[in-house]
Amino acid sequence: MNKSHWPRSTSVLVLTAMLGGCASFGQDTPPAKPLDAKQLQLSQANMPAIQDNWWQPLQDPTLNQLVEQALANSPSMKMADSRLRQARSIVGLNESTLGPQVDANASRSRERYSLYGILPPPLAGSYQNLYTLSLNANWEIDFWGKNRAEVAAALGNQRAVAYEGEQTRLVLTQAVIAQYTGLQHSQAQARLLNQRLRLAETRQALLKARVNAGLLSGDTLRQNEILINRLQQQASLLHDDSENARHALAALTAQAPDALKQLNAAPLTPAPALPQNELTADLLGRRPDIAAQRARVESLSESVKAAKAAFYPNVSLSSFIGLSALETSNLFDRGAKIVGVTPAVSLPIFHSGALRANLAREKAGYDEAVAGYNQTVLEALRSAADALSNWQGSQQQLTSVRQAEHSASKATEAAMARLRAGLVNKLSLLDAQETQLMQQSARLDAEAAQRLSWVALHTALGGGFAARHPAPPAR
């Protein structure tokens, strides 16, 4: 082709592509719409900020170490990291389509040329070697944004995978704190149970002395014996609970089951206070599970754009430059130069429904992603509301049991004073002390429940996570 004709020919090809039409989209359907804060009747006020290392206000070095070990060594975190690296590589693959592709080629071929071909004798009818060195370039000109949309879809998927990793981190942290709190609770209850057993054994000795003296019937001992047996059973169950919590913590921190056999948790204490606020709209950007679903919606929205762009003509440009000769001695001569340019246009006219089916699939995937986002939002709001209510209830419960424990302590002091005055016997004092220990046990239950509700509330509010985008776009 004459060089002066090439730009004009290329323009004709491009114009033909643009005017030649494209395959029909078929019947379009309205896309699904994600829920927004107004539909959910959420306040626009800001929620209190949660720090990233939100568990550290518990001021427990042992717990901090366990959480750090879990986040560093847990297989679930390593899997999340692997998925993120895979997503990044897919982004790189898609970004490579935006620019030209250049390859270097070197070849040697041996061929017999036809007697009746375009080459005259003596080449005709002979075997010859052909040596070629060349650079080949190809560039798909992304007029309609198909490749750019695929890159955007891959980036959206990468964000979703990253947010899913944050959710894994949050859930893993919650699990470690919950198991550690269970160990604290079991150990504290075991210590109280030992005190109750000693009281029951002391009562048994006093009752036995009175039975032997004829002051009480033998049946009096039976009720106390039943209490001792029940306390011993509870001690066995608490031991099992402690062992199970240690095994769970070992698994969460990627250790052997008996690696934490000697672990003794710090004394159980109430969790620090939290501001009492209603759920607000920025919760939608504070939970990594919501952010992940939102990123999926964004990714699928771009995939729909890419599927639509496939209906339009594809324009590409290929070229090569190099050297070719029948003899190596001539390969680097000026006359061995070869050059070629090939503009090309592909018009999608009839593909037996493949393009429409692909577009329908991407639209259905987008609608599914929106439904998944909406379901995640509704479930997140429910769990956050439950966590807030449970936290408030646990605070009230802890206040009530503390008051009851205080009353039981005063009753024990009064029984001690009456015993010193000779107004009651030691059995009355033992009964008051048993009541006090039972109230201490109830207080431990309330403190553990309050601690777990504190953890659940932090988890429901995203555990310090904050996404960059407030809401997914409509397609």
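If you're wondering where the values come from, they're calculated on a predicted model, not measured in any experiment.

Asker: Is there a simple way to think about the overall build of the chain in this case?
Answerer: The number of helices and strands found in the chain is 8 helices and 4 strands. In sequence order, the chain lays out its α and β elements as α-α-α-β-β-α-α-α-β-β-α-α. For 475 residues, the compact-globule estimate of 2.2 N^0.38 gives 23 Å, and the C-alpha radius of gyration of the chain, at 38 Å, exceeds that figure by more than 25%. With the principal axes as the frame, the chain shows a C-alpha extent of 135 × 55 × 35 Å. A total of 475 residues make up the chain; the buried ones form 38% of that total. Taking contacts inside the chain between residues at least 6 apart in sequence as the whole, the part at least 24 apart equals 83%. Only carbon and sulfur atoms are counted for the fraction: they give 55% of the accessible area of the chain, which is about 26,200 Å². Across the chain, 46 positive and 39 negative side-chain charges occur, with their mean positions spaced 2 Å apart.

Asker: How should the confidence of the model for the chain be read in this particular structure?
Answerer: The predicted structure's coordinates, where accompanied by low pLDDT, should not be read in detail. In this model, the chain carries an average pLDDT of 87, and 92% of its residues clear a pLDDT of 70 or more. Taking the mean pLDDT of every element in the chain, the minimum, 51, falls on helix H1 (residues 6-19) and the maximum, 96, on helix H2 (residues 61-73). Under a pLDDT of 50 for its full length, residues 1-6 has, in the predicted model, 5 contacts with residues more than four places off or in other chains.

Asker: Sorry, what's going on with helix H7 (residues 354-420) here?
Answerer: In an α-helix, one turn spans 3.6 residues, which is why side chains three or four residues apart end up on the same side. Between its first and last C-alpha atoms H7 spans 96 Å; for 67 residues at 1.5 Å apiece the expected length is 99 Å, and the two agree. Taken from the residues just after H7, glycine 422 is the one with a positive phi, measuring 75 degrees.

Asker: Sorry if this is basic, but what is going on with the sheet that holds strand S2 (residues 127-141) here?
Answerer: Think of a sheet as strands paired side by side through backbone hydrogen bonds, with each pair either parallel or antiparallel. Spatially, the 4 strands line up as an open sheet ordered S1-S2-S3-S4, and their pairing is antiparallel. With partners counted over all chains shown, the strands left at the sheet margins are strand S1 (101-112) and strand S4 (337-346), one partner each. Adjacent strand axes in the sheet meet at a mean angle of 20 degrees when their direction is disregarded. When strand S3 (residues 314-325) meets S4, the two strands line up antiparallel, connected through 10 bridges. Its bridge partner being in S4, isoleucine 321 is matched across the sheet by valine 339.

Asker: For this particular structure, what's the right way to read unusual backbone geometry?
Answerer: Negative phi is the rule for most residues except glycine; trans is the rule for most peptide bonds. Across the junction of proline 121 and proline 122, the peptide omega takes the value 10 degrees, indicating a cis bond. In this structure, proline 122 sits in the loop between S1 and S2. Here the phi dihedral of alanine 254 falls at roughly 60 degrees; this positive angle occurs in a residue that is not glycine. Along the chain, the position of alanine 254 falls in the loop between helix H5 (220-252) and helix H6 (288-309).

Asker: Sorry, what's going on with the packing of H7 against helix H8 (residues 426-460) here?
Answerer: Two measures define how a pair of helices packs: the angle their axes make with one another and the distance between the axes. Where H7 meets H8, the closest approach of the two axes is 8 Å, and the angle between their N-to-C directions is 165 degrees. If you check the angle between H7 and H8, you find them roughly antiparallel. In terms of crossing hand, the pair formed by H7 and H8 is left-handed.

Asker: Before we go on, may I ask you to explain the side chain of asparagine 374 in this structure?
Answerer: As for its placement among the helices and strands, asparagine 374 is situated in helix H7. From its side chain, asparagine 374 meets the backbone oxygen of lysine 33 in a polar contact 3.3 Å long.

Asker: Got a minute to help me understand the pattern of salt bridges in this structure?
Answerer: Opposite charge on two side chains permits them to pair, given that their charged atoms come into close proximity. Across all of its chains, the model carries 18 salt bridges by this definition. In this structure, arginine 286 and aspartate 282 form a salt bridge, with 3.2 Å as the shortest nitrogen-oxygen distance. Grouping residues by exposure puts arginine 286 and aspartate 282 together as buried. Here glutamate 447 and arginine 443 are joined by a salt bridge, their closest N and O atoms 3.5 Å apart. On the criterion of helical spacing, the pair formed by glutamate 447 and arginine 443 is a turn pair, its members being 4 residues apart in helix H8. Among the charged side chains, a network of salt bridges with common partners joins Glu243, Arg246 and Lys261.

What counts and how
- Residues numbered from 1 in each chain as written.
- Predicted model: local features only at pLDDT ≥ 70, side-chain atom pairs only at ≥ 80, totals over all residues.
- Heavy atoms only, no water.
- Helix = DSSP H or I, 4+ residues; strand = E, 2+ residues; numbered from the N terminus.
- Rg over C-alpha atoms; globule rule 2.2 N^0.38 Å.
- Buried < 20%, exposed > 50% of the residue type's maximum accessible area, 1.4 Å probe, protein only.
- Contact = heavy atoms within 4.5 Å.
- Areas by Shrake-Rupley, 256 points an atom, 1.4 Å probe, with all protein chains shown as cover.
- Lys, Arg positive; Asp, Glu negative; His and termini not counted.
- Charge placed at Lys NZ, Arg CZ, Asp CG, Glu CD.
- pLDDT = per-residue confidence, 0-100.
- Expected span 1.5 Å × (residues − 1).
- Pairing = 2+ DSSP bridges.
- Axes fitted to C-alpha atoms, helices over the stretch in contact; angles between N-to-C directions.
- Parallel < 35°, antiparallel > 145°, perpendicular 65-115°, else oblique.
- Left-handed = near helix turned anticlockwise from the far one by under 90°.
- Polar contact = N/O pair within 3.5 Å; in protein donor to acceptor, adjacent residues only side chain to side chain.
- Salt bridge = Lys/Arg side-chain N within 4 Å of Asp/Glu carboxyl O.

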